[in-house]
Amino acid sequence: MSAGAQENFPTGGAGVASPRVAHGPLGRILGGGGDDGGRRRPFGGIKNVFFLLLLTGISILALYPFVWLISASLKPQGDVFDNRLIPQEWQWNYTGDPTPVPGDEKLFALPDTPVLSWMFNSVWIGLLAALLVAMSSAVVAFAFAYFRFPGRNALFALILATMMLPGAVTMIPVYLIWNEISLLTGETGRLAFLPDIGVNTQYPLWVPNLFGSAFYIFLMRQFFLGIPRDLFEAARIDGDGYFSMFRRIALPLAKPALIVVFIFELQAKWFDLMTPLIYLRDSALYTLPLGLKTILDAQGAGGGGEGRWEIIMAGTVVTVLPMVILFAIFQRYFIEGIATQGRKG
Amino acid sequence: MASVASTETAGPLQGARRRLSGFRERETWTAYLFILPWVIGFLALTAGPMVASLYFSFTDYGVQQIAGFEETSRVGLENYRTLLEDPKIATSLKNTFVYTLMTVPAKMMVALGLAMILARIAFAAGFFRTVFYLPDITPPVAIGIMILVLFNGSFGVVNRALELVGIPGPYWTTDPSWIKPSLAIMSVWTVGGTMVIYLAALKAVPQHLYEAASMDGAGPWRRFFNVTLPMISPALFFTFIVLTIAGLQTFTEVYTAYFGQGSTGAESPDAALMNVVYLFRQAFEFFNMGFASAMAWLLFAIIMAITAIQFVVSRRFVFYQGGDKR
């Protein structure tokens, strides 16, 4: 029977280009968006050339820091600030001898600086957190989009209101909660049989994502509202329960919105310095931003010529590059996700 | 088929009622089950902490209390009085306001300019959009480091470029009066997201409005002020609010470049002390949790007040298509 429903509603292949999805606010953009050239009259001849030159100039400004960074990461210590885009003398600052000469270590061989673990931490925490928040937000959002229940509008207004709350207000008590939990689950705590959870573990970095996030709930709800209700009713008639209807109809149709949420959260975790700074003490647990900050603090040496900036630059490249690659693959989701934000105005 | 129906345990007495309103009732309980994750999160990570934070702001909660050496004592308005007396609070607020005032209009104008060109350029618009968006995916820690190297007073490439046109560049990262401008310039570099929002808004403006305006004899400037701006005003307003709130909470770039336990920068300059940076240091470096909570509520009050003003003022300028939505 479930196979029958699958045939009636070809949700499996419903991806970005599904015409049905194109009814939603996000879908309208994802489905029909892209560069249709806009409906505005394009510039003519000479103006076009002028603006092309202008845009090229601004592009150079936009890209220059990246090129500078990469090139500086391939120079020897003394040449970092020579501001040449092509190194006069090339030097590989990323990987090297496992027993390096002090003062000549490479990024991945710095003593007490497990850059690879940091990358790994950032990757798995980001992926897990993004997956959790996408799923939990979708579940909550679906309830607000599909069900009618007492208090729905008031609760949804509450969700929107929490978006205004600065993180600083809840930051301290939430830290104290985690601190309390780590006392309970520590060696002498009453819950010592549990694994160590709390401060100086990575749990505080992703566990909050189990509970959905206001902005994502809002985004997903808008998307679900755009899916024709008939689809759900038909699934109900086919005998689907609410949850299987959500899983088999709503989730596959919402794939574009889920990807947007996933990517936004992945980026947020990849960017986050403050949370790791608050919770992580052991350098083995660090995420990449905190690790990079540690490298800067240890190797920067007052910002002068003493500092090993070629290492810092290599570390920066390693932090920046994964996002660039992610962006290259999922560009349309980044762009359309951002563009959608503006529509809620 | 995962059956949610099992969440409802049918008692014999409820049978009749269920036959009447069973469908709606089951729907209601299922809905509550679906929003349960958010409810738990809201209570445990938002509402509860808010109450706790308000309470702590009237106490001397600090490192002694966390460790259990001393009892927490209520200090009344002491923390809020300190807010007024601590000169660093005034400095950090001033820094934050100045920085926000520098970045928000600059970012909005640059983004709008770029979006308007991209909306009408004959080709390669997609390419340029990608290029302009790239800085926005740079982690803020990396941006903090870029500020240090690009704006370095002696070797930085910004000053080298200024030299080329004969302007002696300032010591951006050490001169107190140039720290915030350099932060702001770097912030304008990440203008791509705002630009993408404007671009989407511009593309949604119907072409016939421009044609009608042209026929009425409106020149490019009139068309810009009387057609473009009103039609994209919701997007402008949205970014205005979001950029302001983000500006008032600036942390990572500034903290990376100028604060921390390391040897970078012998002394952290007061000119870079942003509100949230100071709050963070009070809370997690000096562990003055009570005082930091009071700071957080001050920040919350400021953000609410500014956002409220923005809403009231913009009501006159924001045009929602299809009637008054608000």
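Worth saying up front: this structure is predicted, and the values here are computed from it rather than measured.

1. Overview of the overall build of chain B
- The number of helices and strands found in chain B is 14 helices and zero strands.
- Listed by position from the N terminus, the elements making up chain B come as α-α-α-α-α-α-α-α-α-α-α-α-α-α.
- The buried share of chain B, reckoned over its 326 residues, is 40%.
- Across chain B, every contact between residues at least 6 apart in sequence was considered, and the portion connecting residues at least 24 apart equals 68%.

2. Focus on the environment of A:Y146
- Here A:Y146 shows up in helix α4 (residues 115–146).
- A:Y146 gets classed as buried once you count the C-beta atoms within 10 Å, which come to 21.

3. Quick look at the interface of chain A and chain B
- Taken together, the contact between chain A and chain B spans 83 residues of the former and 93 residues of the latter.
- In terms of residues, the side of chain A that touches chain B owes the most to one element, helix α3 (residues 45–72) of chain A, which gives nine residues.
- Partitioning the side of chain A that touches chain B into residue classes produces 52 nonpolar, 22 polar and nine charged.

4. A word on helix α8 (residues 176–189) of chain B
- The set of residues buried in α8(B) consists of B:I179, B:K180, B:S182, B:L183, B:A184, B:M186, B:S187 and B:W189.
- Packing partners of the buried residues in α8(B) comprise α4 (87–120), α6 (140–150) and α12 (252–258) of chain B.

5. Things to note about helix α11 (residues 220–248) of chain B
- When the terminal C-alpha atoms of α11(B) are compared, their 35 Å separation across 29 residues is substantially less than the 42 Å that a helix rising 1.5 Å per residue should span.
- Every buried residue of α11(B) is listed here: B:T228, B:I232, B:P234, B:A235, B:L236, B:F237, B:T239, B:F240, B:L243, B:G247 and B:L248.

6. Some points on the nonpolar core
- In this structure, A:F142, A:M220, A:V261 and B:Y198 are the most contacted members of the largest nonpolar core, which totals 166 residues.
- In terms of residues, this core owes the most to one element, α4(A), which gives 17 residues.
- Looking at which domains feed residues into this core, each of domain 1 (4–56) and domain 2 (79–314) of chain B gives three or more.
- The contacts of A:V261, once residues within four sequence positions are left out, are A:V133, A:A134, A:S137, A:Y216, A:L219 and A:M220.

7. Considering the domain arrangement of chain B
- Parsing chain B into structural domains produces domain 1 (4–56) and domain 2 (79–314).
- Taken over C-alpha atoms, the centre of domain 1 of chain B sits 42 Å from the centre of domain 2 of chain B.

8. Topic: unusual backbone geometry
All names here are of chain A.
- Although it is not a glycine, N83 sits at a positive phi angle of roughly 60 degrees.
- By the secondary structure assignment, N83 is in the loop between α3 and α4.
- Located in the positive-phi region is N200, a residue other than glycine, with phi close to 65 degrees.
- Along the chain, the position of N200 falls in the loop between α6 (167–185) and α7 (203–206).

Conventions and cut-offs
- Residues numbered from 1 in each chain as written.
- Chains lettered and ligands numbered in written order.
- Predicted model: local features only at pLDDT ≥ 70, side-chain atom pairs only at ≥ 80, totals over all residues.
- Helix = DSSP H or I, 4+ residues; strand = E, 2+ residues; numbered from the N terminus.
- Buried ≥ 20, exposed ≤ 12 C-beta atoms within 10 Å, placed from the backbone.
- Contact = placed C-beta atoms within 7 Å.
- Nonpolar A, V, L, I, M, F, W, Y, C, P; charged D, E, K, R; others polar.
- Expected span 1.5 Å × (residues − 1).
- Core = buried A, V, L, I, M, F, W, Y, C linked by C-beta atoms within 7 Å.
- Domains from an automatic or database assignment.

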